Amino acid sequence: MKAGQAGIELIKRYEGCRLDAYKCPAGVWTIGYGHTGDVKSGQKITQAQAEAILIADLEKFEKKVNIFYNKYRWTQNEFDALVSFAFNLGSIDQLTAGGTRSREVIAEKMLLYNKAGGKVLSGLTRRRQEERALFLSISGSSITNKKRHVLKEGDKGSDVKELQQLLNKKGYHLVCDGIFGKKTLETVKAFQRANGLSVDGVAGDKTWAALQQ
């Protein structure tokens, strides 16, 4: 996967852009959107160069999030949020506990990474909150403010894909293809069974409500 516009804009907003080389608080020479590594004192770049460097830098962090793609089957918004997180902190290995945590725990733990030098920083707190909100959103909107259709085996479309995405957020592992097949049916039943619902494999109001909690 590649970072989308939502993730790139989030990174730009919190990294800021400086076209003259400067030393960050850690004493590292930095330029553009938080770029380090080959920066020298007195170096200057254009805005176009800053944009190009950012895209190149993103590739490293996209790879770090993609390492866990087969485990989680990230949605675009989840991926964007985690690329921003990795861009700031280096990786998502610790956040995901090596790919052993559920989506719910990842979203919860994300907020804890708001400190530098042992002190809580307001800027990092805001960034983690925004990353978490993006991580928990589908197509840029809240997952809780939408009336869903009753879905059953054989149905297809965006509502089925959203159902699959929500199930994945609960720790299940589905390919989000928008097709309510046997695998989705069995996963819905498993979710219903685990949450004390009627196990009929039909995603009705009660199943949707439980998924949104």
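Use the structure listed above.
Only a predicted model underlies this, so the values are computations on that prediction, with no experimental measurement involved.

Visitor: Help me understand the packing of aromatic side chains, please; the structure alone is not making it clear to me.
Guide: Each aromatic ring pair is summarised here by two numbers: the centre-to-centre distance and the angle between the ring planes. Per the stated rule, a full pass over the model turns up five aromatic pairs. Taken together, a centroid distance of 5.2 Å and an interplanar angle of 55° make the contact between Phe61 and Phe87 tilted. Highlighted residues: Phe61 in helix H2 (residues 47-66) and Phe87 in helix H4 (residues 76-89), separated in sequence by 26 residues. Across this residue pair, the class does not change: Phe61 and Phe87 are buried. Taking 4.5 Å as the distance between ring centres and 15° as the angle between the ring planes, the aromatic pair formed by Tyr72 and Trp74 counts as stacked. Across the pair, exposure class does not vary: Tyr72 and Trp74 are buried alike. Connected via pairs of aromatic rings, a cluster forms that spans Tyr72, Trp74 and Phe135. Its end group placed over the ring of Tyr72, Lys71 keeps NZ or CZ at 5.9 Å from the ring centre. Sitting above the plane of the Phe135 ring, Lys169 keeps its charged end 5.2 Å from the centroid.

Visitor: How should I be thinking about the pattern of salt bridges in this particular structure?
Guide: Two side chains carrying opposite charge are able to pair once their charged atoms lie near each other. Applying the stated rule across the entire model yields eleven salt bridges. Note that Lys169 is salt-bridged to Glu78, the shortest N-O span being 2.8 Å. One end of the pair, Lys169, is in helix H8 (residues 158-169); the other, Glu78, is in helix H4, with 91 residues separating them in the sequence. Each member of the pair, Lys169 as well as Glu78, is classed as buried. One connected set of salt bridges, linked through shared partners, spans Glu15, Arg127, Arg128 and Glu131.

Visitor: Where do I start with unusual backbone geometry in this structure?
Guide: The phi angle of most residues is negative, glycine excepted, and most peptide bonds adopt the trans form. For Arg73, which is not glycine, the phi torsion reads 55° and is therefore positive. When you line up the elements, Arg73 lands in the loop between helix H3 (69-72) and H4. For Arg73, a relative accessible area of 30% gives the class partly exposed.

Visitor: Sorry, what's going on with the nonpolar core here?
Guide: In summary, soluble globular proteins display a tendency toward joint burial of nonpolar side chains. Trp74, Leu82 and Ile92 are the most contacted members of the largest nonpolar core, which has 31 residues in total. Top contributing element to this core by residue count: H4, with seven residues. With near-sequence residues (within four places) excluded, Leu82 lies in contact with Val65, Trp74, Ile92, Leu95, Ile106, Met110 and Phe135. Grouped together as the second largest cluster of nonpolar side chains are 14 residues, Leu151, Leu163, Leu174 and Val188 included.

Visitor: Could you clarify how one ought to interpret the side chain of Arg127 in this entry?
Guide: Here Arg127 is to be found in helix H7 (residues 122-135). A distance of 3.0 Å separates the side chain of Arg127 from the side chain of Glu15, its partner in a polar contact. Aside from chain neighbours lying at most four places away, what touches Arg127 is Leu10, Ile11, Tyr14, Glu15, Ser84, Phe87 and Asn88.

Visitor: How should the pairing of strand S1 (residues 18-23) be read in this particular structure?
Guide: Consecutive side chains of a regular strand alternate in pointing toward one face of the sheet and then the other. Both S1 and strand S2 (residues 29-32) contribute to a ladder of three bridges, which runs antiparallel. Within S2, the residue paired with Tyr22 across the bridge is Thr30. The turn linking S1 back onto S2 is made up of five residues, and Gly27 within it adopts a positive phi angle of 85°.

Rules used in this analysis
Residues numbered from 1 in each chain as written. Predicted model: local features only at pLDDT ≥ 70, side-chain atom pairs only at ≥ 80, totals over all residues. Heavy atoms only, no water. Phe/Tyr/Trp six-rings, centres within 6.5 Å; stacked < 30°, edge-to-face > 60°. Helix = DSSP H or I, 4+ residues; strand = E, 2+ residues; numbered from the N terminus. Buried < 20%, exposed > 50% of the residue type's maximum accessible area, 1.4 Å probe, protein only. Lys NZ or Arg CZ within 6 Å of the ring centre and 35° of its normal. Salt bridge = Lys/Arg side-chain N within 4 Å of Asp/Glu carboxyl O. Core = buried A, V, L, I, M, F, W, Y, C linked by side-chain atoms within 4.5 Å. Contact = heavy atoms within 4.5 Å. Polar contact = N/O pair within 3.5 Å; in protein donor to acceptor, adjacent residues only side chain to side chain. Pairing = 2+ DSSP bridges.

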